[in-house]
Amino acid sequence: MLSNEHQGNTMFELTGKTAIVTGGSRGIGKAIALKFADLGANVAIMHVGDGDNAAATKQELEAKGVKAAAYECDVSDFEASAALVKQIIEEFGEVHILVNNAGIIRDGLMLSMKESEFDAVIKVNLKGAFNMTKAVYQHFMRKRRGRIINISSIVGLTGNVGQTNYASAKAGMIGLTKSVAKELGSRNVTVNAIAPGFIKTDMTDSMSEQAREASLALIPMKRIGQVEDIANTAAFLASDEAAYITGEVIRVDGGMAM
Ligand code: NAD
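Since the structure is predicted, the reported quantities are computational estimates derived from the model, not experimental observations.

In this structure, Ile 32, Phe 36 and Ile 149 are the most contacted members of the largest nonpolar core, which totals 33 residues. Elements supplying a minimum of two residues to this core: strand 1 (18-22), helix 1 (27-38), strand 2 (42-47), helix 2 (51-63), strand 4 (97-100), strand 5 (146-151) and helix 9 (227-238). Apart from the residues lying within four places of it in its own chain, the contact partners of Ile 149 are Phe 36, Ile 97, Leu 98, Val 99, Asn 100, Asn 192, Ile 194, Ala 234, Leu 237 and Ala 238.

So this is what it looks like as structure tokens:
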């Protein structure tokens, strides 16, 4: 039975759709997965080394009355990503929405950043999005519909001290978004990016009080964003209401990067 209890207060509706959310075991990806399930979508999440959280998230998704699955799969592995998407299409019947959310950071000033730290961040954040997009590309093309939502970052727009690798990857995701949007527009596939600002997750909880205060000072809305702020935007982009929006980058940052 699909849960309709949350649908009375929203115009978005994803019943009958299947979404893949990479990095859906915790944080922003989990919030997106739960929001999609609230709106009626079946959800497959992917993670790396986060089995307990992934199992808990899968249970929470199922409790909402939708079909859910959790897979340990590294998005930076081209073959493994392609094989898993094929498996998900077989298990769920079809895929309608892909959210490229999996991401890592390896911060450090350029002076001390190791080549391996640059490569690792590009490989997961940017190449991972390429791999997953490539894996759904023909499926979406054949069905003549689909939604791809890439979770970039405002640092992909502004750059950031200590994040040469991460800012490059996140800016690269914007180029990927716009290019694939142009390629797949005529097939009724939309491709958009969300650029979150400072969002409360495990990642940002580990920041020092001083760094947190410094970031807050840069946010006109004077609060840290919640994962639901990103999930609501992803739900809009996945919905029928956003059918004519493609190649767009939406900042969800309380005004931080304007
Ligand atoms: P998080 O560290 O809490 O969660 C990361 C998720 O990605 C986990 O599910 C993890 O298992 C998964 N993951 C990591 N490497 C993977 C890989 N190789 N293959 C598959 N899955 C992998 O992170 P978060 O704070 O929720 O961030 C989610 C996304 O949002 C990231 O892309 C991040 O860069 C972006 N973002 C976050 C913020 C923020 O303030 N938290 C701001 C801007 C952008």
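That covers the picture; the talk isn't over yet.
On to the side chain of Asn 165, then. One can find Asn 165 in helix 6 (residues 164-184). We classify Asn 165 as buried; its relative accessible area is 0%.

Moving on to the packing of helix 4 (residues 115-143) against helix 6. Here helix 4 crosses helix 6 at 15°, and the two axes come no closer than 8 Å. Judged by the inter-axis angle, helix 4 sits roughly parallel to helix 6. Crossing handedness for the pair helix 4 and helix 6: right-handed. On the side of helix 4, the interface is formed by Glu 117, Phe 118, Val 121, Ile 122, Asn 125, Leu 126, Ala 129, Phe 130, Thr 133, Tyr 137 and Met 141, while helix 6 contributes Thr 164, Asn 165, Tyr 166, Ser 168, Ala 169, Lys 170, Gly 172, Met 173, Leu 176, Val 180, Glu 183 and Leu 184.

A surface patch of like charges, here negative, comprises Glu 72, Asp 74, Asp 77 and Glu 79. Its location among the elements puts Glu 79 in helix 3 (residues 78-92). In this structure Glu 79 comes out as exposed when scored by relative accessible area, which is 59%.

Another point: helix 9. With 12 residues, helix 9 extends 17 Å from end C-alpha to end C-alpha; this agrees with the ideal 16 Å at 1.5 Å per step. For helix 9, the set of buried residues is Val 227, Ile 230, Ala 231, Thr 233, Ala 234, Ala 235, Leu 237 and Ala 238. In this fold, the buried residues of helix 9 make contact with helix 1, strand 4, strand 5, strand 6 (189-196) and strand 7 (249-252).

Here the focus is the sheet that holds strand 6. Taken together, 7 strands build an open sheet; the order of strands is 3-2-1-4-5-6-7 and the sheet is parallel. Each edge of the open sheet is held by one strand with a lone partner, namely strand 3 (68-72) and strand 7. On average, each strand axis in the sheet is inclined to that of its neighbour by 15°, with strand direction left out of account. As paired strands, strand 4 and strand 5 are joined by 4 bridges and run parallel to one another. Bridged to Val 99 within strand 5 is Ile 149. Across the sheet, helix 1 is in contact with strand 1, strand 2, strand 4 and strand 5; its angle to strand 1 comes to roughly 170°.

Following the criterion strictly, the structure yields 12 salt bridges and no others. With a closest N to O distance of 3.1 Å, Arg 26 and Asp 50 form a salt bridge. Taken together, the residues Arg 26 in the loop between strand 1 and helix 1 and Asp 50 in the loop between strand 2 and helix 2 connect sequence positions 24 residues apart. Residue Arg 26 is classed as partly exposed on the basis of its relative accessible area, which comes to 43%. Residue Asp 50 is classed as buried on the basis of its relative accessible area of 9%. The salt bridge involving Lys 86 is made with Glu 90; its shortest N-O contact spans 4.0 Å. Of this pair, Lys 86 and Glu 90 both sit in helix 3, 4 residues apart, which is roughly one turn of the helix. Overall, Lys 86 belongs to the exposed group, its relative accessible area being 56%. Of the residues examined, Glu 90 reaches a relative accessible area of 60% and is grouped as exposed. Salt bridges sharing common partners tie together Arg 26, Asp 50 and Asp 202.

Let's shift gears to the site of the ligand. Near the ligand lie 28 residues; those nearest to it are Ser 25, Ile 28, Asp 74, Asn 101 and Tyr 166. Here an oxygen atom of the ligand sits 3.1 Å away from a polar atom, N or O, in the main chain of Val 48. Here Gly 197 contributes a backbone N or O atom positioned 3.4 Å from an oxygen atom of the ligand. Against a free-state accessible area of 840 Å², the protein chains account for coverage of 95% of the ligand. Residue assignment for the shell around the ligand shows that the elements contributing at least two residues are helix 1, helix 6 and helix 7 (202-205). Looking at the shell around the ligand residue by residue, the classes come out as 13 nonpolar, 11 polar and 4 charged.

Cut-offs used in this document
What you see as residue numbers is a count from 1 along each chain, following the sequence as written. Local features are withheld for residues below a pLDDT of 70 in this predicted model, meaning they are given only at 70 or higher, and side-chain atom pairs are given and counted only at 80 or more; totals for whole chains, interfaces and linings count all residues. Hydrogens and water are ignored here; the side-chain numbers use all heavy atoms of the structure. What is meant by a nonpolar core is a set of buried Ala, Val, Leu, Ile, Met, Phe, Trp, Tyr and Cys residues, joined one to another through side-chain atoms within 4.5 Å. The buried label applies to any residue whose accessible area, calculated with a 1.4 Å probe on protein chains only, is under 20% of its type's maximum; exposed applies above 50%, and partly exposed to all values in between. Going along the chain from the N terminus, every DSSP run of H or I of four or more residues is numbered as a helix, and every run of E of two or more is numbered as a strand. In this description, contact between two residues means that some pair of their heavy atoms is separated by no more than 4.5 Å. Angles shown run from 0 to 180 degrees and are taken between the N-to-C directions of axes, each axis being a line fitted to C-alpha atoms and, for helices, limited to the stretch in contact. To sort the angles, those under 35 degrees are grouped as roughly parallel, those over 145 as roughly antiparallel, those from 65 to 115 as roughly perpendicular, and the leftovers as oblique. Each crossing is labelled by how the near helix is turned from the far one, with a counterclockwise turn of less than a right angle marking it left-handed and a clockwise turn marking it right-handed. Note on patches: the residues involved have over 30% relative accessible area and no salt bridge, like charges join within 9 Å, and the nonpolar side chains Val, Leu, Ile, Met, Phe, Trp and Tyr join within 5 Å. What sets the accessible areas is the Shrake-Rupley method with a 1.4 Å probe; for residues, cover comes only from the shown protein chains. Think of a salt bridge as a Lys or Arg side-chain nitrogen and an Asp or Glu carboxyl oxygen that are within 4 Å of each other. By the counting scheme adopted, Arg and Lys are positive, Glu and Asp are negative, and His together with the chain ends is not counted. For the purpose of locating charges, the reference atoms are NZ of Lys, CZ of Arg, CG of Asp and CD of Glu. To estimate how far a helix should reach, multiply one less than its number of residues by 1.5 Å. Paired strands, as defined in this entry, are two strands with at least two bridges between them according to DSSP. If a single non-hydrogen atom of a residue is within 4 Å of a molecule or strand, that residue counts as near it. Here a polar contact means two N or O atoms within 3.5 Å. Within protein one must be a hydrogen donor candidate and the other an acceptor candidate, and residues neighboring in sequence count only if both atoms are side-chain atoms. Here the term charged refers only to Asp, Glu, Lys and Arg, the term nonpolar to Ala, Val, Leu, Ile, Met, Phe, Trp, Tyr, Cys and Pro, and the term polar to all other amino acids, Gly among them.

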